[in-house]
Structures are given as structure tokens and as C-alpha cells.
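# Report on the structure
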Amino acid sequence: SCYRANIPIFLWGPPAIGKTARVKELAKNLKVPIITLVISQMDAVDLAGAPIPLPGERKLKWMLPAWFPDDMDMEGILLLDDLGQAPELNQAVTMELLWARQLHGNILPLNLRMIVTSNRPEDRAGVAGVITTVSTRTAHLDVNPPTSDEWIQNFAIKNNIHPHIISFINFRPSLLFKFAPNSPNPAQPTPRGWDLASRLYAVRPLVSSVQSCVGIG
């Protein structure tokens with residue numbers, strides 16, 4: 001509904017469950033391009049552009065960043081990824097995008113939908129918080145980890161996850177996602193972890209290869 005109404009959607013969820021992958025899969029299913037901005041890894045100038053002097057005048061104008069679309073008829077998705085981990089300066093740049101659908105007076109294409117993703121503060125993933133002037137400009141949805149059947153059908157088979165990994169998740173579906181933010185173990189069972197485990201197991205088919213990616217269960 002938010003997508004059809006062209007309302008920015010803010011997706012919240014724990015780490016490594018495939019939030020970004022789901023947005024990219026949506027773009028693929030809709031057959032539209034996606035512009036991905038990892039807000040936490042960008043400099044404010046990369047995100048907002050930079051002021052340049054006008055020749056012969058004592059004025060500045062904003063040069064648009066490279067990601068800004070040139071085609072006003074473009075239909076697609078603008079993904080503002082990992083916004084919660086971004087510094088407040090970067091978050092503030094998105095305010096104008098999310099509400100006015102413009103940047104320094106330059107209008108975004110009408111059919112460019114905006115989706116925001118972030119982990120939650122309780123995940124201990126570096127999210128200090130999202131400024132309220134950003135959070136009040138979007139609809140908010142919680143993203144849950146996929147079920148084992150969803151993960152196998154929608155991700156594992158399509159991405160050539162090792163058959164032994166798929167068989168194990170079929171046998172122990174509760175271990176697809178068993179994330180504990182306060183756990184001292186750096187490796188924990190998550191969809192992303194099982195993806196890594198599959199790749200490592202393919203070249204080194206040992207239990208220790210799997211354990212190094214998802215821990216000991």
C-alpha cells in the first residue's frame with residue numbers, strides 16, 4: 001500500500017535477515033532499477049552534493065551528487081540503506097528527500113519510490129537512533145526473519161546454497177535465525193551467516209567451516 005501511495009517506507013529489523021536483499025528482490029520482481037545509497041558509509045558531500053561558485057557572481061549553486069537521477073521519467077526504487085547507523089548530519093540530508101522529494105530544489109522523478117532500512121537500537125549494531133525529523137516522514141514496518149521454508153524457497157535455492165546446508169535447515173529450522181545481541185559469540189545463526197557458511201563449506205566441507213560462520217549450536 002505504501003509503495004502504491006508513493007509514501008517512503010522505513011524497514012526495521014535485526015541484522016543479517018536480508019532486509020536489503022528483499023528490497024533488491026522487489027526491484028527485480030517489478031523489473032525496475034534500484035539506486036542504493038548506504039547512508040552510513042557515505043560522506044555528506046557524496047550524499048548531498050557540493051556548493052560551487054557561479055562564474056562572475058558572488059553566489060554559490062549546488063552541484064548534484066552522482067547518484068541523483070537525470071531521467072525524470074525514471075521508475076524505480078531509491079534505497080536509503082543503514083540509515084540508523086549514519087551520523088545525524090547524513091540523516092538530516094534525507095529529510096528533504098523523504099518529505100519534499102527534492103534536493104536543493106531539484107525534484108526527484110515522480111515514480112521513484114523511497115525505502116529506508118535500519119537495524120534497531122537494541123541490536124547493538126551501531127544504531128544510536130534516528131532523528132525524529134526523519135522518522136516522522138515515513139511509514140514504519142517491522143521486518144521479521146524469514147521462516148525456514150521462505151528462506152529455502154525464496155533465497156537458498158535461487159542462490160545455489162549448498163544442499164547440505166539446505167538439508168540441515170530443513171532438519172533444524174529453528175537454527176536459521178538465533179541471534180542474541182548480548183551473546184559473546186561473534187558468529188551466530190542468521191540467514192547471512194548460512195550464506196557465508198555455504199560458500200565456505202563448498203571449498204572446505206568440514207563442520208568447522210560452518211561453525212566459523214554460524215557458531216556452535
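Preceding block: the structure.
Computed from a predicted structure; not experimentally measured.

Looking now at the nonpolar core. Nonpolar side chains tend toward joint burial in soluble globular proteins. Of all hydrophobic cores here, the largest spans 26 residues; its most connected members are L37, W67, L78 and L108. If you list the elements that add at least two residues to this core, you get β1 (9-12), β2 (34-38), α3 (44-48), β5 (75-81), α4 (88-100) and β8 (111-118). Counting residues in each nonpolar core, the second largest holds 15 residues, with I152, W194, V210 and V214 among its members.

Moving on, we get to the packing of aromatic side chains. One pair of aromatic rings is described through two measures. These are the centre distance and the angle between the planes. Tallying each qualifying case throughout the model produces five aromatic pairs. Ring plane angle 50 degrees and centroid distance 5.5 Å describe the contact between W67 and F68, whose orientation is recorded as tilted. Across the pair, F68 and W67 agree in class, each one buried. Aromatic side chains F168 and W194 sit 5.5 Å apart centroid to centroid with 40 degrees between the ring planes, which places their arrangement in the tilted category. Here the residue F168 occupies a position in helix α7 (residues 163-171), and W194 occupies one in helix α8 (residues 191-203), the gap between them amounting to 26 residues. Overall, the relative accessible area of 3% leaves W194 in the buried class. The aromatic ring of Y3 is capped on one face by R113, whose charged end is 5.1 Å from the ring centroid.

The rules behind each value
Just so you know, the residues in each chain are numbered from 1, in the order the chain's sequence is written. Restriction of local features to residues with pLDDT of at least 70 applies here, the model being predicted, together with a cutoff of 80 or more for giving and counting side-chain atom pairs; totals for whole chains, interfaces and linings are based on all residues. The side-chain values count all of the structure's non-hydrogen atoms but skip hydrogen atoms and water molecules. The term nonpolar core refers to a set of buried residues drawn from Ala, Val, Leu, Ile, Met, Phe, Trp, Tyr and Cys, joined through side-chain atoms within 4.5 Å. The buried label applies to any residue whose accessible area, calculated with a 1.4 Å probe on protein chains only, is under 20% of its type's maximum; exposed applies above 50%, and partly exposed to all values in between. Put simply, DSSP H or I for four residues or longer makes a helix, DSSP E for two residues or longer makes a strand, and each gets a number counted from the N terminus. Aromatic pairing here means that ring centres of Phe, Tyr or Trp (its six-membered ring) are within 6.5 Å. Orientation follows from the plane angle: under 30 degrees is stacked, over 60 is edge-to-face, and everything else is tilted. Two limits define a charge over a ring: the Lys NZ or Arg CZ must be within 6 Å of the ring centre, and within 35 degrees of the ring normal.

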